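Listed here are the chains, written in short residue letters.
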Amino acid sequence: MERRMLIAGNWKMNGLQSARKEAAALIALQGGNMPGQFDVLICPPATLLADMARDAGSSGLYLGGQDCHSEDHGAHTGDIAAAMLKDAGAGYVIVGHSERRTDYGEGDAQVKAKAEAALVAGLIAIVCVGETLAEREAGQAFAVVGKQVEGSLPVGASAKNCVLAYEPVWAIGTGKVATLEDIASMHAHIRGKLKTAGGAALAAARILYGGSVKPSNAEQIFSMEDVDGGLIGGASLQATDFSAIIDVSKSL
Ligand code: PEP
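Presented here is a report on the structure given in the accompanying data block. (Residues numbered from 1 in each chain as written. Predicted model: local features only at pLDDT ≥ 70, side-chain atom pairs only at ≥ 80, totals over all residues. Heavy atoms only, no water.)

Section: the site of the ligand
Line of reasoning, step 1. In the vicinity of the ligand there are 14 residues, among which K12, E167, G173, S212 and G233 approach most closely.
Line of reasoning, step 2. The side chain of H97 places a nitrogen or oxygen atom 2.8 Å from an oxygen atom of the ligand.
Line of reasoning, step 3. Between G234 and the ligand, the recorded distance is 2.8 Å, taken from a backbone N or O atom to an oxygen atom.
Line of reasoning, step 4. Taken by itself the ligand offers 290 Å² of open surface, and the protein chains cover 95% of this.
Line of reasoning, step 5. Among the residues forming the shell around the ligand, the class breakdown is 4 nonpolar, 8 polar and 2 charged. (Near = heavy atom within 4 Å. Polar contact = N/O pair within 3.5 Å; in protein donor to acceptor, adjacent residues only side chain to side chain. Areas by Shrake-Rupley, 256 points an atom, 1.4 Å probe, with all protein chains shown as cover. Nonpolar A, V, L, I, M, F, W, Y, C, P; charged D, E, K, R; others polar.)

Brief notes about the pattern of salt bridges
Should their charged atoms come close, side chains of opposite charge can pair.
Line of reasoning, step 1. For the structure shown, the criterion picks out 19 salt bridges.
Line of reasoning, step 2. Of the charged contacts, one joins R100 and E106 as a salt bridge, the two residues approaching to 3.0 Å between their closest N and O atoms.
Line of reasoning, step 3. Overlapping salt bridges, with partners in common, bring together R3, R191, D226 and D228 in one network. (Salt bridge = Lys/Arg side-chain N within 4 Å of Asp/Glu carboxyl O.)

Things to note about the pairing of strand β5 (residues 124-129)
Line of reasoning, step 1. For β5, a buried count of 6 out of 6 residues is recorded, marking the element as mostly surrounded by other parts of the structure.
Line of reasoning, step 2. Neither face of β5 is exposed, since I124, I126 and C128 on one face and A125, V127 and V129 on the opposite face are all buried.
Line of reasoning, step 3. Alignment of strand β4 (residues 92-95) against β5, held across 4 bridges, turns out to be parallel. Each bridged residue has a counterpart across the sheet, and for V95 the counterpart in β5 is V127.
Line of reasoning, step 4. With 5 bridges joining them, β5 and strand β6 (residues 162-166) adopt parallel strand pairing. Across the sheet, the residue bridging to A125 is C162, located in β6. (Buried < 20%, exposed > 50% of the residue type's maximum accessible area, 1.4 Å probe, protein only. Helix = DSSP H or I, 4+ residues; strand = E, 2+ residues; numbered from the N terminus. Pairing = 2+ DSSP bridges.)

This is the structure:
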């Protein structure tokens, strides 16, 4: 199965109404339409989702949430259900981002439950995994990430409803990028875990790299065998940078 690349922006807790102009500028820089050969996604704060979905119109730009609750409704003050994201115009939701795992102590079982809620709501789940610097230095990166993949994948995961994102924690927002060799070996490791968990149907899932991706390094990273695009934080906030990453990906 041919894997279709995904270039995904994670705006995190950044963006007032005025930030909508960045997505509009991105669409304009891309000539009104996203490239046909791969998918482009922005995950803005939930407060902007519905407006940005409307702004995106028929440009082909996908919108996504940054997190969801594992239940579909109820007494969970401050949380957001996957169905609400879908209702606001999302097609995807990030689950298990390392900032959620760190800030809220989210573990694999909770991430798995959130991913399952995403699938029930008809969203594609972007399941994030990645080791800390201490774990890498202790030689545990493969074991840690392997365990996260096994523990975080939702029941019913397939290449159609799940995307994996490998984000070494020490490379997120730090300007440090994993070496191409480290990325290649970890993505191959994750691909192997997907195959064990769900055979060929799951092994064909997209695996994104995340961690200080920018216009100057995107082409090299995305052209590797088991890398099917990126999850991009800082460089997705400015239309010019994100558009430049999209542009360098067009030839891949
Ligand atoms: C992220 O937010 O998932 C991320 C990878 O951030 P950055 O690109 O800023 O490192």
